[in-house]
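Each chain, letter by letter, is given below.
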Amino acid sequence: MAGRLIYLIGPSGSGKDSLLDAARARLAERGCRIVRRVITRSAEAAGEAAQGVSPEQFAAMDAEGAFALSWQANGLSYGIPREIDDWLAAGEDVLVNGSRGHLAQTRLRYPTLLVVLLSVDQAVLRQRLLARGRESIADIDERLARNARFSDSLIAAPDVFLLDNSGALALTVERLLGCLDGHPACA
Ligand SMILES: Nc1ncnc2c1ncn2[C@@H]1O[C@H](COP(=O)(O)OP(=O)(O)O)[C@@H](O)[C@H]1O
Ligand SMILES: O=P(O)(O)OC[C@H]1O[C@H](OP(=O)(O)OP(=O)(O)O)[C@H](O)[C@@H]1O
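Residues numbered from 1 in each chain as written. Chains lettered and ligands numbered in written order. Predicted model: local features only at pLDDT ≥ 70, side-chain atom pairs only at ≥ 80, totals over all residues. Heavy atoms only, no water.

## Comments concerning the site of ligand 2
- Residues in contact with ligand 2 amount to 19 residues; listed here are only the nearest, R41, Y78, R100, R143 and R146.
- The backbone of G101 places a nitrogen or oxygen atom 2.9 Å from an oxygen atom of ligand 2.
- Notes on ligand 2: free accessible area 490 Å², of which the protein chains cover 99%.
- Looking at the shell around ligand 2, the elements with two or more residues in it are α1 (16-29), β5 (67-73) and α7 (137-149).
- Tallied by class, residues from the shell around ligand 2 come to 4 nonpolar, 6 polar and 9 charged. (Near = heavy atom within 4 Å. Polar contact = N/O pair within 3.5 Å; in protein donor to acceptor, adjacent residues only side chain to side chain. Areas by Shrake-Rupley, 256 points an atom, 1.4 Å probe, with all protein chains shown as cover. Helix = DSSP H or I, 4+ residues; strand = E, 2+ residues; numbered from the N terminus. Nonpolar A, V, L, I, M, F, W, Y, C, P; charged D, E, K, R; others polar.)

## Notes on the sheet that holds strand β6 (residues 76-81)
- Spatial ordering of the open sheet is given by β4-β3-β6-β5, a layout of 4 strands whose pairing is mixed. Strand pairing shows two members of the sheet lacking a second neighbour, β4 (50-52) and β5, which therefore form its edges. Between one strand axis and the next, the sheet turns through 25° on average, direction left out of account.
- As paired strands, strand β3 (residues 37-39) and β6 are joined by 2 bridges and run antiparallel to one another. Residue pairing for β6: I39 is matched across the bridge by Y78.
- Docked against the sheet, helix α3 (residues 55-63) engages β3, β4, β5 and β6, running at close to 140° with respect to β5. (Pairing = 2+ DSSP bridges. Axes fitted to C-alpha atoms, helices over the stretch in contact; angles between N-to-C directions. Contact = heavy atoms within 4.5 Å.)

## A closer look at the UniProt feature "binding site: ATP" (unreviewed entry) in the protein
- Taken from the UniProt record, the annotation "binding site: ATP" (unreviewed entry) applies to G10, P11, S12, G13, S14, G15, K16 and D17.
- Among the structural elements, S14 can be located in the loop between β1 (5-9) and α1.
- A residue is classified by how much of its surface remains accessible, and S14, at 0% relative accessible area, is buried.
- Engagement of the side chain of S14 in a polar contact is seen with the backbone oxygen of P11, the distance being 2.7 Å.
- Mapping K16 onto the fold places it in helix α1.
- According to the relative accessible area criterion, K16 is buried, its value standing at 11%.
- Residues within four places of K16 in sequence aside, it is in contact with L8, I9, G10, P11, N97, G98 and L118. (UniProt positions renumbered as here; feature names shortened; annotations may be inferred. Buried < 20%, exposed > 50% of the residue type's maximum accessible area, 1.4 Å probe, protein only.)

## Comments concerning the site of ligand 1
- By nearness alone, 14 residues border ligand 1, and G13, K16, S18, R132 and G167 come closest of all.
- G13 has a polar backbone atom sitting 2.7 Å from an oxygen atom of ligand 1.
- Take S14: an N or O atom from its main chain is 3.4 Å from an oxygen atom of ligand 1.
- With the chains in place, 75% of the 560 Å² that ligand 1 exposes on its own is no longer accessible.
- Elements supplying a minimum of two residues to the shell around ligand 1: α1 and α6 (122-132).
- Considering each element in turn, the shell around ligand 1 owes the most residues, 3 residues, to α1.
- Along the lines of polarity and charge, the residues of the shell around ligand 1 split into 3 nonpolar, 7 polar and 4 charged.

What follows is the structure in structure tokens.
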């Protein structure tokens, strides 16, 4: 049987990378892979969860069909390596750190995907982005403005599992794993 694509989305700063890092070992125990994204962000800022490439390298990889999914946002390009299709075909679950803006296209390619929407209060989000210190204030304000443009229609979609990360990260990890282990909203 084909594996399940778990598509984790949420605003920049909602904690997607933190959640994946904190849950990494326990996801692996469950046979769930976390895909390493390709991002046109400098390698220093990319870390374990991403491979940093130049815009030229990204374009060349895209042209040779290296990506199953790709999108542009926040002035960056993001690619999901096409090897996820081999993993899914082999029956492995795959967790992707995705984009809300690319959700509709992702649904077309992976109709049975499970969407997990990570959220935090807007005020907390701003504080976390400032504390992370990765972007300038102007970039942070742009990200918050982008966030406000995503309407409640996302939240209203029946197959979206809402995961609040306004509280402790450990609690969010437990709720994610609980969802994947058979919460009705994840069936
Ligand atoms: N539950 C949490 N409580 C407090 N701080 C958090 C929590 N989750 C994430 N953070 C912090 O918020 C910032 C943004 O998290 P990050 O994982 O980089 O978000 P994203 O990958 O969604 O952009 C980081 O500095 C991270 O340490
Ligand atoms: O369409 P959206 O849902 O707004 O998402 C657009 C992109 O922004 C986020 O990445 P970002 O550069 O912020 O990296 P991060 O996830 O590590 O914060 C997210 O992971 C997406 O790749």
